[in-house]
Amino acid sequence: MREDHLLVVDDEPTVRELLRTALRYAGFDVDAAATGREALDLAAARPPDLVLLDVMLPDMDGFEVVRELRAGALSAAGGPLPVLFVTAREDRRDRIHGLEIGGDDYITKPFDLEELIARIRAVLRRTRGEPPPRLVVGDLELEPDGHRVARAGRAVRLSPTEFRLLHLLMVNAERTLSKSQILLSVWDYDFGGDPSIVDTYISYLRRKVDTEEPKLIHTVRGVGYVMRGPRP
């Protein structure tokens with residue numbers, strides 16, 4: 001089976017080499033560029049399946065690179081070229097702008113490599129129209145396409161926000177998520193309210209999916225929340 005071909009664009013040599021090595025180890029075929037112009041040339045010569053793009057580049061910013069890619073480059077599969085921004089910029093307006101001009105996702109530095117790889121695979125599945133995988137943690141099951149949830153075979157009815165929160169916890173099972181990470185992922189890029197809303201919705205979820213043993217949703221005090229499967 002053909003490896004997915006990624007194009008990494010970052011002007012920092014250490015970051016570029018880290019991404020190239022980690023992504024190759026994860027099973028991707030990786031090219032790398034240090035400038036926007038080099039990225040455009042590589043994409044034209046050998047179309048990638050996805051571009052990981054830093055916003056701050058020495059010759060042009062990543063937003064300009066995306067505009068030029070969208071104007072002329074196709075993915076290796078012949079469709080629109082997926083772009084995932086990887087950048088140190090945390091300004092909310094930059095995130096919104098990057099998504100509005102055609103970015104498919106956005107992750108800020110410093111990032112977790114496992115999360116980055118999961119986001120890459122999710123973008124590839126989404127842009128190819130592939131169904132997302134069914135998630136299972138212990139006896140808890142979630143089907144993303146049908147918005148179905150069951151615990152020990154019992155159907156559980158969730159609101160859209162509760163479903164997004166549960167999906168996030170299950171995708172990141174065994175990994176602690178901070179409240180800020182949860183806010184950004186569940187309440188999207190424009191939420192500016194009280195972070196205690198995370199605690200409120202965790203409480204809602206526990207009443208619906210975590211009423212029996214073993215408990216799956218755990219509090220990590222001073223950090224956030226984690227979903228853990230039952231221990232042997």
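Quick caveat, the model's predicted, so the values are computed rather than measured. (Residues numbered from 1 in each chain as written. Predicted model: local features only at pLDDT ≥ 70, side-chain atom pairs only at ≥ 80, totals over all residues. Heavy atoms only, no water.)

**Looking at the nonpolar core**
Where we set the bar: As used in this record, nonpolar core signifies buried Ala, Val, Leu, Ile, Met, Phe, Trp, Tyr and Cys residues forming a set joined through side-chain atoms within 4.5 Å. Only protein chains enter the calculation, and the probe is 1.4 Å; a residue is then buried if its accessible area is under 20% of its type maximum, exposed if over 50%, and partly exposed in between. Under the DSSP-based scheme used, a helix requires at least four consecutive residues in state H or I and a strand at least two consecutive residues in state E, with every element numbered from the N terminus. Residue contacts are counted whenever heavy atoms from the two residues lie within 4.5 Å of one another.
Among the nonpolar cores identified, the biggest contains 26 residues, and Leu166, Leu169, Ile182 and Met227 are the most heavily contacted of them. Breaking this core down by element, the ones donating at least two residues are strand 6 (135-137), strand 7 (140-143), helix 6 (160-171), helix 7 (179-186), helix 8 (196-209) and strand 12 (224-227). The leading source of residues in this core is helix 6, at 6 residues. Those residues in contact with Leu169 that lie beyond four places of it in its chain are Leu177, Ile202, Leu205, Ile217, Tyr225 and Met227.

**Re the UniProt feature "modified residue: 4-aspartylphosphate" (unreviewed entry) in the protein**
Selection rule: UniProt positions are given in the numbering used here, feature names are shortened, and annotations may be inferred rather than shown by experiment.
In the numbering used here, UniProt assigns the feature "modified residue: 4-aspartylphosphate" (unreviewed entry) to Asp54. As for its position among the elements, Asp54 is in the loop between strand 3 (50-53) and helix 3 (62-72). In contact with Asp54, other than residues within four places in its own chain, are Val9, Asp10, Asp11, Gly62, Val86, Thr87 and Lys109.

**Remarks on the side chain of Arg151**
Worth spelling out the cut-off: Identification of polar contacts relies on pairs of N or O atoms within 3.5 Å, with a donor-acceptor requirement for protein atoms, meaning one able to donate a hydrogen and the other able to accept it, and with residues adjacent in sequence counted only if both atoms are side-chain atoms.
Mapped onto the elements of the fold, Arg151 is located in strand 8 (residues 148-151). Taking the relative accessible area as the measure of exposure, Arg151 reaches 1% and is therefore buried. At a separation of 3.2 Å, a polar atom in the side chain of Arg151 contacts the side chain of Asp210. For Arg151, the side chain forms a polar contact with the main-chain oxygen of Pro214, separated by 2.8 Å. Not counting chain neighbours up to four residues away, the residues in contact with Arg151 comprise Asp139, Leu140, Val156, Val209, Asp210, Glu212, Glu213, Pro214 and Leu216.

**What about the sheet that holds strand 3?**
Our working definition: The criterion for strand pairing is that DSSP finds at least two bridges linking the strands in question. Only the stretch in contact is used when a helix axis is fitted, and all axes are lines through C-alpha atoms; the angle between N-to-C directions ranges over 0 to 180 degrees.
Read from one edge of the open sheet, 5 strands run 2-1-3-4-5, paired in parallel fashion. For this open sheet the edge positions go to strand 2 (29-33) and strand 5 (105-108), each flanked by a neighbour on one side alone. Taking each pair of neighbouring strands and ignoring which way they run, the sheet shows an average axis angle of 20°. Where strand 3 meets strand 4 (residues 83-87), 3 bridges bridge the pair, whose relative direction is parallel. Bridging from a neighbouring strand, Leu52 pairs with Leu84 of strand 4. Lying on the sheet, helix 1 (residues 13-25) is in contact with strand 1 (5-9), strand 2 and strand 3; it crosses strand 2 at an angle near 170°.

**A look at the pairing of strand 4**
Counting buried residues in strand 4 gives 5 out of 5 residues, a clear majority hidden from the surface. Side chains Val83, Phe85 and Thr87 of strand 4 all project onto a buried face; the interleaved residues Leu84 and Val86 project onto the opposite face, where all are buried too. As defined by bridge partners, strand 4 adjoins strand 5 across 4 bridges and the pair is classed as parallel. Of the residues in strand 5, the one forming a bridge with Thr87 is Thr108.

**A look at the pattern of salt bridges**
Threshold: Whenever a carboxyl oxygen of Asp or Glu lies within 4 Å of a side-chain nitrogen of Lys or Arg, that contact is scored as a salt bridge.
According to the stated counting rule, one finds 12 salt bridges in the structure shown. Residue Asp139 pairs with Arg151 through a salt bridge whose shortest N-O separation is 2.4 Å. Taken as a pair, Asp139 in the loop between strand 6 and strand 7 and Arg151 in strand 8 lie far apart in primary sequence, 12 residues in all. For Asp139, a relative accessible area of 29% gives the class partly exposed. Ionic pairing is found between Arg151 and Asp210, a salt bridge with its closest N-O pair at 3.2 Å. Residue Arg151 is located in strand 8, and its partner Asp210 is located in the loop between helix 8 and strand 11 (217-220); the two are separated by 59 residues in the primary sequence. By the burial criterion, Arg151 is buried, and Asp210 matches it. Salt bridges sharing partners connect three or more residues here, namely Asp29, Asp31 and Arg46.

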